[in-house]
Amino acid sequence: MAKWGMVIDLDKCTGCQACTTACAMENSTLPGETWQDVLFYHEGEYPNAQMKWLPRPCMQCESPSCVHVCPTRATYKDEEAGGIVFVDWNKCIGCKYCMIACPYGVRFYVDEKPLLEPDLREIFPGENQQLWSPPYQGPDEDWSKGIGVQPPGVVSKCTFCHHKVSKAPEGTVDLDEDNPAVKEYVPACVRTCAPKARYFGDLDEPTSQVNQLIGDKHGVRLKDHTGNKPQVYYLGAGAGVPAFQPSDKGDKS
Amino acid sequence: MNENNIMKGKAGSGLLVISGVVFLASLIFAIIQLSSQGHASFNTSSNLPWGQPIATYLYFALASSGLGLLASLPLVFGFKQYYPVAKRCIFLAFIILISGMLVLALELGNVFRMLWAIPLNFQTQSAMFWMGIFYALDLLFLLWKFRKMESGEWDSKTSKQVGIASFILVLLASGNLALIFGMMSMRPFWFDALLPIYFYFTAVTSGMAALVFFAYLAYGFKRENMSQPMQDLMTGALPKLFAALIGGTLLFIAVRAITGLYTNNPEISLVWTDYLFASPLYHLSLWVGLLLPFIIMLKSSLRNQLNMQVLASVLVFLGLFAERFYFVIGGQVVPLFKGTWYPDLLTYTPSATEWALSIMGWSLAFLLYVLGEKFFNLSAMPDAITNTAGNQQAAAS
Ligand code: SF4
Ligand code: SF4
C-alpha cells in the first residue's frame, strides 16, 4: 500500500486560499471548519519585518498524537488507506482530547458558536442525523472515515480527500492533476492550486515526485520537534513557524 | 452524638429542598440549552475546546480523590485520631465524584456512546481510557468501603483490604488524571512529569476544605455538638494538616510560576504574564483564596477557632476552584498554529449554560450530602475509639 504524502512549495504559493475554498466545497465544511487553511504569519520588525504564509492541511502524522490520546479509537491511522488519519463518527464521543493533543490545530468541533452570521446550520437544518444538510453534498459519505457532513457532537478533520485518492488505480505513484489519467483522484486542494504549489504522491515509492522534491529541494516538516512526523512536507524559504507573540507586544520600541 | 446532627432535622430538610430546587433548575436549564443549541451554548470553540465544565469536573474528581486520601489516614495508615471523619470522607468522596461525572457527561458530545466505545475499543495508549477505568473502579471501591463501614466492619481483613485497594485506586485515578494534561508536550503550560504530585497535593487540600465545611455543616457550625474525638481532631491534628496542605499548594504554585516566568518559551511565560497574572480574579484566588487561609491556619491563635476554620475552608474551596479553571484554560490560551487569524491570546468566559453545569454539580453534591447525613450515620467510628472517648469523658467528670 502507498503511504500518501503531500509536498507544498512555499516559494510558489501565493496565499490565494483557492485550496481552502476547494476543500470547503469538496467536503461541505462550515465557515471556520477549515480542514485546509492558509495561515499568515508576520515575523520580525522594521526594517526586516516579513510576512509569510503557509497552507495547512492535516499533516496525517506518522506518529499522530491525536490517535494516541483518543479513548475510543475513533481517531485512527489507517495504514491500508495510505496512512491517512481518520475520525470514525460512529465512535467519537466528543471528548475533544484529540483537539488538545494535535500540535497543528487542524481538528474541528463545529458544535460551537457560528463563525459567521447567518448561521448556515439554521439555513440548512440537519436531516438524517447530519449536523446540517447543505443542498450540495459529495456522494461519498462514509462516517467510519469521517467523510461527508458530520453528525453533531463529533470531531472532524481533513481526510486527504480519501474518497478521491482511494479510487486511483492500484500502483499509482504520483497523483498529478496534469496527468489526465489520474486528475479525478487528486485531492481537491492539490488539484485547484493555480501556481501548482502542491504535490501529492507515494512516500514509500523512491521514484515518486514527492520524494524527489523533498530530497532535491530540502523539504522540511513543520514543528518537527513535536515528533509527530508529518506526512506533509514544505519546500521553500518560508518553511518555518515563528514563535507566538501577541500582536500588541510587537512594535513597542 | 448523632442526634446533634442538624441535617437530620428541619435544617437539613430545608437545605435538601433548596439544593434540590437549584439542582433541578440548573439541570433543566442546561438540558434545554443543550438540546436547542447543542454545544453552541458553550463559549468553548475549536481553538479552546475545554472550558469550565471540564475544570469543574477536574475540581470534583480531585476533591473526591483528596477525600479518599484523607480517609486513608486512619483506614490505611493507622492515624487513629482521624477515625471520626473517615466515614464522612468516604461518603463525600463518593458523592462528589458522582457530581463531577454528571458534569462531564453533559459536556461530552456523545455521552451514551462512551459507555460502550471506551471499554470495547480498549485504547490503552490513551490516558483518558485509563481515567474511565480508574475512576469507575474508584467509585466502586468507595461504595464497597462505605458498605463495610455501614455494617460496622472497620477492622476486618476484607475491610482493610478494600481500604488499601481504594487508596491505591485513588492514587492511580488522580495521578492519571494529571497525566491527561501533564503528558501533552504540545501544550507546554501543562507539560510536567511531576503534575501528578501537584494534583495529589491540591486534591487533598480541596478535599480537606470540603471535609471541614461539611463536617461543621452537619453540626450546625457548633463544635460542642460533635463527639469528643471529633472535637479533639478539629482542634488538634486536622487544622495543622490543613495549614500544611495549603502551604504545600502555595509552594507548588510558586515553583510553577517561577519556572513559567523564567522560561523564554512564550507558550509558557505568556500564560503567566499575560493571562494569569493579568487577571484580577486570578490574583484574588491566589491571595485571598489560598494565601489568606494559609495565614489564618498558620496562626495558632486563629487555627482552632471554628469560624476561622470554616472561613478558611470556604476560601480554599473557591480558591482551588479558580485554580482548576485557570489551569485548564491556561493550557489553551496560546492559539495553536493559527497564524494571524488569532493574533492574541484566546479569551474565554464561561457561558450561562456552562455556569449552569457548574452550579448543577455543586447543588447535586449538597443534595446527596444532605441525603447521606439523613440516612446514614456519617460520624460513625470503630467502637474502640468511641469507647475510649467515652471513658475519658467519664473519667474527667
Ligand atoms: S496534524 Fe493533528 S490531526 Fe492531523 S494527524 Fe497530526 S496530530 Fe492528528
Ligand atoms: S473527540 Fe472523538 S476523535 Fe477526538 S479523542 Fe475524543 S473520541 Fe476520539
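What comes next concerns the included structure. Nothing here was measured: the structure is a model prediction, and the numbers come from that model. Each residue is numbered by its place in its chain's sequence as written, counting from 1. Chain labels run from A onward and ligand labels from 1 onward, assigned in the order the entries are written. A pLDDT threshold of at least 70 governs which residues receive local features in this predicted model, and a stricter bar of 80 or more applies before side-chain atom pairs are shown or counted, although totals over entire chains, interfaces and linings include all residues. Side-chain calculation: all heavy atoms of the structure are included, whereas hydrogens and water are not.

A separate point is the nonpolar core. A:Tyr97, B:Trp50, B:Leu177, B:Phe181 and B:Phe199 are the most contacted members of the largest nonpolar core, which has 149 residues in total. Ignoring anything within four residues of it in the chain, the contact list for B:Phe181 reads B:Trp50, B:Leu58, B:Trp190, B:Phe191, B:Leu195, B:Phe199, B:Phe327 and B:Val328. Membership of the second largest hydrophobic core comes to 45 residues, among which are A:Met6, A:Leu10, A:Tyr41 and A:Ala168. Among buried residues, the Ala, Val, Leu, Ile, Met, Phe, Trp, Tyr and Cys ones that are joined through side-chain atoms within 4.5 Å form a nonpolar core. The classification of residues rests on relative accessible area computed with a 1.4 Å probe and restricted to protein chains. Under 20% of the type maximum is buried, over 50% is exposed, and intermediate values are partly exposed. The contact rule is simple, with two residues in contact once any of their heavy atoms fall within 4.5 Å.

Residue and element names in this part refer to chain A. A pair is scored as a salt bridge if a Lys or Arg side-chain nitrogen falls within 4 Å of a carboxyl oxygen belonging to Asp or Glu. Under the defined criterion, the tally for this structure stands at 17 salt bridges over all chains. The salt bridge involving Glu177 is made with Lys196; its shortest N-O contact spans 3.4 Å. Of this pair, Glu177 sits in the loop between α5 (162–165) and α6 (188–192) while Lys196 sits in the loop between α6 and β6 (198–202), and the two are 19 residues apart along the sequence. Bridged by salt links that share partners, the residues Lys3, Glu62, Arg221 and Asp224 form one connected network. What counts as a helix is a DSSP run of H or I of at least four residues, what counts as a strand is a run of E of at least two, and both are numbered from the N terminus.

What follows deals with the interface of chain B and chain A. How big an interface is tends to be reported as the loss of accessible area on association of its parts. Each partner contributes to the interface: chain B provides 52 residues, whereas chain A provides 54 residues. Taken together, both faces of the contact between chain B and chain A bury some 4,200 Å²; the carbon and sulfur share is 56%. The residue B:Glu107 makes a salt bridge to A:Lys96 at a minimum N-O spacing of 3.0 Å. In the analysis that follows, any N or O atom pair within 3.5 Å is treated as a polar contact, provided that within protein one partner can donate a hydrogen and the other can accept it, and provided that, for residues neighboring in sequence, both atoms belong to side chains. Along the contact surface separating chain B from chain A lie 35 residue pairs in polar contact (both at pLDDT 80 or more). If you list the elements that add at least two residues to the side of chain B that touches chain A, you get α4 (111–121), α5 (127–150), α6 (157–182) and α10 (266–276) of chain B. Each residue belonging to the side of chain B that touches chain A can be placed in one class, and the counts come to 28 nonpolar, 18 polar and six charged. Buried area is calculated as the accessible area (1.4 Å probe) missing from two parts once they are joined, with the contributions of both summed. Think of it as three bins: nonpolar holds Ala, Val, Leu, Ile, Met, Phe, Trp, Tyr, Cys and Pro, charged holds Asp, Glu, Lys and Arg, and polar takes everything else, Gly as well.

Next up on the list: the sheet that holds strand β7 (residues 232–235) of chain A. Paired through their backbone hydrogen bonds, the strands of a sheet run either parallel or antiparallel. Residue and element names in this part refer to chain A. If you trace the three strands from one edge of the open sheet to the other, you get β6-β1-β7, paired in mixed fashion. Unpaired on one side and paired on the other, β6 and β7 mark the two borders of the sheet. Adjacent strand axes in the sheet meet at a mean angle of 20°, parallel and antiparallel pairs treated alike. Each pair of strands is called paired provided DSSP finds at least two bridges between the two strands. As defined by bridge partners, strand β1 (residues 4–9) adjoins β6 across five bridges and the pair is classed as antiparallel. By the bridge assignment for β6, Gly5 is matched with Gly201. Interaxial angles span 0 to 180 degrees and are taken between N-to-C directions of axes, which are lines fitted to C-alpha atoms, for helices over the stretch in contact. Sheet contacts for helix α7 (residues 209–216): β1, β6 and β7; angle to β6, the most-contacted strand, approximately 115°.

Surveying the vicinity of ligand 2 reveals 13 residues, the closest of which are A:Cys70, A:Thr75, A:Cys92, A:Cys95 and A:Cys98. Among the residues forming the shell around ligand 2, the class breakdown is nine nonpolar, three polar and one charged. Whether a residue is near a molecule or strand is decided by its heavy atoms; if any one of them lies within 4 Å of it, the residue is near.

The next point concerns the packing of aromatic side chains. Two rings from Phe, Tyr or Trp (for Trp, the six-membered ring) form a pair when their centres are within 6.5 Å of each other. A pair whose planes differ by under 30 degrees is stacked, one over 60 is edge-to-face, and the rest are tilted. The full count for this structure, using the stated rule, is 50 aromatic pairs over all chains. Measuring from centroid to centroid gives 5.9 Å for B:Tyr59 and B:Phe60, while their planes differ by 80°, and the two rings are edge-to-face. Each member of the pair, B:Tyr59 as well as B:Phe60, is classed as buried. A cation over an aromatic ring shows up here: A:Lys96 above the ring of A:Tyr109, its NZ or CZ 4.4 Å from the ring centre. When the ring centre of B:Phe199 is taken as reference, the NZ or CZ atom of B:Arg324 above it lies at 5.8 Å. In this scheme, Lys NZ or Arg CZ marks a charge over a ring once it lies within 6 Å of the ring centre and within 35 degrees of the ring normal.

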